[in-house]
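The chain contents come next:
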Amino acid sequence: MSNQEKAVFFSIIIPVYNVEDYLNQCLESILCQTYSNYEIVLVNDGSTDSSFQICQKYQQISSHIKLINKENGGLSDARNKGLLASKGNYIIFTDSDDYWSGDSVLRDLNNLIEESNPDLIIHEESRFFSEQDVHCKYNQRFIKNKSGKFDDEIINLVYYDLYVASAWDKVIRRSILIDNQLFFPLGRKSEDIEWCGRLMHYIDTFSIYSKSFYIYRQVRKGSITTNVTEKHIEDVYFMVKNGLNAPKANFENINQAIENYWAFNYVVILKDFYVLSSKTRSNIWNDIVSWKYLLQKKRNLRVDKVVTFYQYLPFTALILFLNGYRIKTILFKKYRALK
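Here goes a summary of the coordinates provided. (Residues numbered from 1 in each chain as written. Predicted model: local features only at pLDDT ≥ 70, side-chain atom pairs only at ≥ 80, totals over all residues. Heavy atoms only, no water.)

The next thing to look at is the overall build of the chain. When helices and strands are tallied, the chain shows 13 helices and twelve strands. In terms of C-alpha radius of gyration, the chain reaches 20 Å, essentially the compact-globule figure of 20 Å for 339 residues. Taken over the C-alpha atoms alone, the chain extends approximately 60 × 45 × 35 Å along its principal axes. Looking at the chain as a whole, 53% of its 339 residues qualify as buried. Considering only contacts within the chain whose residues lie at least 6 apart along the sequence, 78% involve residues at least 24 apart. Here the chain displays about 15700 Å² of accessible surface, and carbon together with sulfur accounts for 50% of that area. (Helix = DSSP H or I, 4+ residues; strand = E, 2+ residues; numbered from the N terminus. Rg over C-alpha atoms; globule rule 2.2 N^0.38 Å. Buried < 20%, exposed > 50% of the residue type's maximum accessible area, 1.4 Å probe, protein only. Contact = heavy atoms within 4.5 Å. Areas by Shrake-Rupley, 256 points an atom, 1.4 Å probe, with all protein chains shown as cover.)

Below, the structure is given as structure tokens:
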């Protein structure tokens, strides 16, 4: 059998919606890979700018590109369409306003899969504020075992912010997603949260890829992460509620890690609580109070920080404090992007 026949085939799924200023860089950063056994599944989700024309241009010049054109249905629908159309052994989700760094990413991932055959590969992103300000937190330095049984290390992966609510920092065996119907929920904002929570039940083995190749663009005008709305926080609330009430996994470590994962997303609700209308805040208040047990040390690095303040503040004051922190963070990100 030739090396090419043994090589892993990757499907890189890229939803596209009104990203004409960023799409070229995204595609060029993947098409430059020295490893050739891959496809790029572009899903144009009803773009109203020139994004679809850019997709067509690249489809004409590269045999790696498969193009799907559809009416606008949102990020979840676009990712699901791409997943169903994909043929790869492993799936990589990439957002069309982000890009990769380096031309050996797929070759390195192939080598890692040949070594350990994991269900899941986790990689840490670098956050882009400006050309002069790109930073990776590199928390993998705290993880002793970079590969092995998922349930042996998952508590640490959640604690150190390595297993987080993002689709694009994971390389996943496609059969796991298809066989377990792990599609993104339609009609949800921040849909990665629910999807990643469900995924934890089905992973047996993992590896960590040492390089930070994924460049995650911050503070882009019009991006989901820049414009948090009431709909986003309502959806996070329902996802946390459903996640806490979901059936338990077979391993206690997984159950503990899942609870810790939802604890972090509970903190997201507290931080953004005042994005909600007074009526919505009143409607969900009893649940918010009943989940205070999630505010414990050793769940997650960022939950730890919140618990430190919670030791000195009443619960309602903690929420006000986190709202102030949210506003400060938004302003600081904008400042960094202008530097």
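Here helix 10 (residues 252–271) crosses helix 12 (residues 301–310) at 55 degrees, and the two axes come no closer than 9 Å. In terms of orientation, helix 10 lies oblique with respect to helix 12. The chirality of how helix 10 crosses helix 12 is left-handed. On helix 12, the residues touching A263, F264 and V267 of helix 10 are R302, V303 and V306. By residue class, the composition of the contact of helix 10 with helix 12 is five nonpolar, no polar and one charged. (Axes fitted to C-alpha atoms, helices over the stretch in contact; angles between N-to-C directions. Parallel < 35°, antiparallel > 145°, perpendicular 65-115°, else oblique. Left-handed = near helix turned anticlockwise from the far one by under 90°. Nonpolar A, V, L, I, M, F, W, Y, C, P; charged D, E, K, R; others polar.)

One can find H232 in helix 9 (residues 230–244). By relative accessible area, H232 is classed as buried at 5%. Within the structure, the side chain of H232 is placed 2.8 Å from the side chain of T229, a separation counted as a polar contact. (Polar contact = N/O pair within 3.5 Å; in protein donor to acceptor, adjacent residues only side chain to side chain.)

The subject of this paragraph is the sheet that holds strand 5 (residues 99–100). Pairing is mixed in the open sheet, where four strands are placed in the order 5-12-7-8. A strand with exactly one partner marks an edge of an open sheet, and here the two such strands are strand 5 and strand 8 (133–135). (Pairing = 2+ DSSP bridges.)

Time to look at the sheet that holds strand 1 (residues 10–16). What the eight strands build is an open sheet, ordered 3-2-1-4-10-6-11-9; its pairing is mixed. In this open sheet, the two edge strands, each paired with only one partner strand, are strand 3 (65–70) and strand 9 (147–149). Each neighbouring strand pair of the sheet contributes to a mean axis angle of 20 degrees, computed without reference to strand direction. Alignment of strand 9 against strand 11 (residues 205–209), held across three bridges, turns out to be antiparallel. Bridge pairing in strand 11 places S147 opposite S207. Across the sheet, helix 5 (residues 105–116) lies against strand 1, strand 2 (38–45), strand 4 (90–93), strand 6 (120–123), strand 10 (170–173) and strand 11, angled at about 145 degrees from strand 11, the strand it touches most.

If you walk through the whole model with that rule in mind, you get 24 aromatic pairs. Ring geometry for F93 and F184: centres 5.3 Å apart, planes at 90 degrees, overall edge-to-face. Of this pair, F93 sits in strand 4 while F184 is found in the loop between helix 7 (174–179) and helix 8 (192–199), placing the two residues 91 residues apart along the sequence. On the basis of relative accessibility, which here comes to 2%, the residue F184 falls in the buried class. Ring geometry for Y163 and Y261: centres 6.1 Å apart, planes at 65 degrees, overall edge-to-face. With Y163 in the loop between helix 6 (150–159) and strand 10 and Y261 in helix 10, the pair connects residues that are 98 residues apart, well separated along the chain. Members of the aromatic cluster, joined through ring pairs, are F150, Y163, F206, Y261 and W262. Against the face of F128 rests R217, its NZ or CZ located 5.0 Å from the ring centre. (Phe/Tyr/Trp six-rings, centres within 6.5 Å; stacked < 30°, edge-to-face > 60°. Lys NZ or Arg CZ within 6 Å of the ring centre and 35° of its normal.)

Moving on, we come to helix 5. The terminal C-alpha atoms of helix 5, which comprises twelve residues, lie 17 Å apart, in line with the 16 Å expected from a rise of 1.5 Å per residue. Within helix 5, the full set of buried residues consists of V105, L106, D108, L109, N110, L112 and I113. At the C-terminal side of helix 5, N117 shows a positive phi close to 50 degrees. (Expected span 1.5 Å × (residues − 1).)

Overall, the coordinates contain 21 salt bridges when judged by the stated rule. Where E39 meets K66, a salt bridge forms, and the shortest distance between an N and an O atom there is 3.4 Å. Taken as a pair, E39 in strand 2 and K66 in strand 3 lie far apart in primary sequence, 27 residues in all. It is possible to trace a salt-bridge network through shared partners that takes in D45, K70, D77 and K81. (Salt bridge = Lys/Arg side-chain N within 4 Å of Asp/Glu carboxyl O.)

Counting 67 residues, the largest nonpolar core has F150, L157, Y163, W195 and I288 as the members making the most contacts within it. At twelve residues, helix 10 tops the list of elements feeding residues into this core. For L157, the residues in contact, after removing those within four places along its chain, are I122, I143, F150, L162, Y163, F206 and I208. (Core = buried A, V, L, I, M, F, W, Y, C linked by side-chain atoms within 4.5 Å.)

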